[in-house]
Amino acid sequence: FGMLNRVFSHFDELAEHHGLEKIKTIGDSYMVAGGLDSSLEDPCGAVARLAVDMRDWLAGEGARGPNPIRVRIGIGTGPIIAGVVGKKKFIYDLWGDTVNLASRITGEGAPGAIQCDSTTYSLLAGRFNFDPPHVVPLKGKGTVVVYRLNNAISSDDPKPQPEATMATGTQG
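The following paragraphs examine the structure supplied in this document. This is a predicted model, so every value here is computed, not measured. (Residues numbered from 1 in each chain as written. Predicted model: local features only at pLDDT ≥ 70, side-chain atom pairs only at ≥ 80, totals over all residues. Heavy atoms only, no water.)

## Let's talk about the overall build of the protein
What counts is decided by this rule: Counting from the N terminus, the helices are DSSP H or I runs at least four residues long and the strands are E runs at least two residues long. When a residue's accessible area, from a 1.4 Å probe over protein chains only, is under 20% of the maximum for its type it is buried; when over 50% it is exposed; and in between it is partly exposed. Every residue pair with non-hydrogen atoms within 4.5 Å of one another is taken to be in contact. Methods summary: accessible areas were calculated by the Shrake-Rupley approach with a probe of 1.4 Å, and residue burial reflects only the protein chains presented.
Each helix and strand in the protein was counted, giving 4 helices and 10 strands. Per-residue burial over the protein gives 43% buried out of 172 residues. Intrachain contacts of the protein at a sequence separation of at least 6 include 67% that bridge at least 24 residues. As presented, the protein carries roughly 8,900 Å² of accessible surface, and 52% of it is formed by carbon and sulfur atoms.

## A short note on the packing of aromatic side chains
We count it as follows: Only the six-membered ring of Trp is used, alongside the rings of Phe and Tyr, when aromatic pairs are assigned; centres must lie within 6.5 Å, and planes under 30 degrees apart are stacked while those over 60 apart are edge-to-face, with the rest tilted.
Applying the stated rule across the entire model yields 7 aromatic pairs. Here the aromatic rings of F8 and F11 are separated by 6.2 Å at their centres, their planes lie at 40 degrees, and the arrangement is tilted. Within this pair, F8 and its partner F11 are both found in helix 1 (residues 2–17), separated by 3 residues, close to a single helical turn. Taken as a pair, F8 and F11 share a single burial class, namely buried. Considering the side-chain rings of Y121 and F130, the 4.9 Å spacing of their centres and the 75 degrees angle between planes classify their relative orientation as edge-to-face. Aromatic ring contacts, followed pair by pair, group F8, F11, Y30 and W57 into a single cluster.

## As for the pattern of salt bridges
We count it as follows: Salt bridge, as used here, is a side-chain nitrogen of Lys or Arg placed within 4 Å of a carboxyl oxygen of Asp or Glu.
According to the stated counting rule, one finds 6 salt bridges in the structure shown. Close ionic contact of R55 with D56 constitutes a salt bridge, the shortest N to O distance being 3.0 Å. For R55, a relative accessible area of 16% corresponds to the buried category. Close ionic contact of D97 with K141 constitutes a salt bridge, the shortest N to O distance being 3.0 Å. Placement of the pair is D97 in helix 3 (residues 97–108) and K141 in the loop between strand 8 (134–138) and strand 9 (142–152), with a sequence separation of 44 residues. K141 sits in the partly exposed class, given a relative accessible area of 32%.

## Considerations on the packing of helix 1 against helix 2 (residues 43–59)
Put simply, the rule is: Axes, fitted as lines to C-alpha atoms, cover a helix only where it is in contact. Angles between the N-to-C directions of the axes lie from 0 to 180 degrees. When the near helix sits turned anticlockwise from the far one by under a right angle, the crossing is termed left-handed; a clockwise turn instead gives a right-handed crossing. Under the grouping applied here, Gly and all other residues not named as nonpolar or charged are polar, the nonpolar ones being Ala, Val, Leu, Ile, Met, Phe, Trp, Tyr, Cys and Pro and the charged ones Asp, Glu, Lys and Arg.
Between helix 1 and helix 2, the least distance of the axes is 10 Å, while the angle of their chain directions is 145 degrees. For the element pair helix 1 and helix 2, the recorded crossing hand is right-handed. In contact with R6, V7, H10, F11, L14 and A15 of helix 1, helix 2 contributes L50, D53, M54, W57 and L58. Across the contact of helix 1 with helix 2, the residue classes tally to 8 nonpolar, 1 polar and 2 charged.

## Considering the environment of D28
Within the element layout of this structure, D28 appears in the loop between strand 1 (21–26) and strand 2 (29–34). Between the alpha carbons of D28 and L4 there is a distance of 7.4 Å; along the sequence they are 24 residues apart.

## Some thoughts on a nonpolar patch on the surface
Convention followed: Note that patches include only residues with greater than 30% relative accessible area and no salt bridge, and the join distances are 9 Å for like charges and 5 Å for nonpolar side chains (Val, Leu, Ile, Met, Phe, Trp, Tyr).
A cluster of nonpolar side chains, L36, V84, F90 and Y92, forms an exposed patch at the surface whose accessible area comes to about 380 Å². Following the sequence through the fold, Y92 ends up in strand 5 (residues 91–95).

## Considerations on the state of the cysteines
Put simply, the rule reads: Note on disulfides: each one is a pair of cysteine sulfur atoms within 2.5 Å.
Counted by the stated rule, this structure contains 0 disulfides. Just so you know, C44 is unpaired, no disulfide at all, and the nearest cysteine sulfur is the one on C116, 7.3 Å from it. A relative accessible area of 0% places C116 in the buried class.

Below, the structure is given as structure tokens:
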């Protein structure tokens with residue numbers, strides 16, 4: 001518990017630094033979103049920078065012990081549904097194809113990988129370095145083209161993005 005709390009507490013600080021909204025944690029998964037309102041000029045870029053910061057912190061300063069944590073991250077960009085459901089223990093949550101896609105490409109990534117869908121790639125290309133695209137089979141989706149994000153090319157100028165961007169991560 002202590003290790004997970006330390007990691008997620010740092011992720012909370014990073015999400016806040018990038019102006020992103022932590023949605024929830026479930027087990028060792030952490031969900032964050034950008035672009036739920038109009039406060040961010042570049043939610044897709046902010047989520048990508050957060051993903052790189054999370055991965056790099058765990059590989060460097062956040063690494064402890066003989067078996068450092070290597071996170072898998074999936075980023076999807078597109079429309080979502082957000083709200084609170086139920087009558088007890090209310091929780092704000094997100095649903096939709098974008099959320100499902102981000103979650104599924106997370107699971108297809110190698111430890112230390114940041115996997116992005118085609119929409120995310122098209123919004124970040126030229127500002128971030130990516131490996132060549134590869135095709136992965138996803139439950140309920142068929143084959144999907146994904147791109148592995150490596151890092152930012154340089155300080156990127158925010159560009160307005162019309163849709164919400166989701167990231168899910170899980171320890172690998």
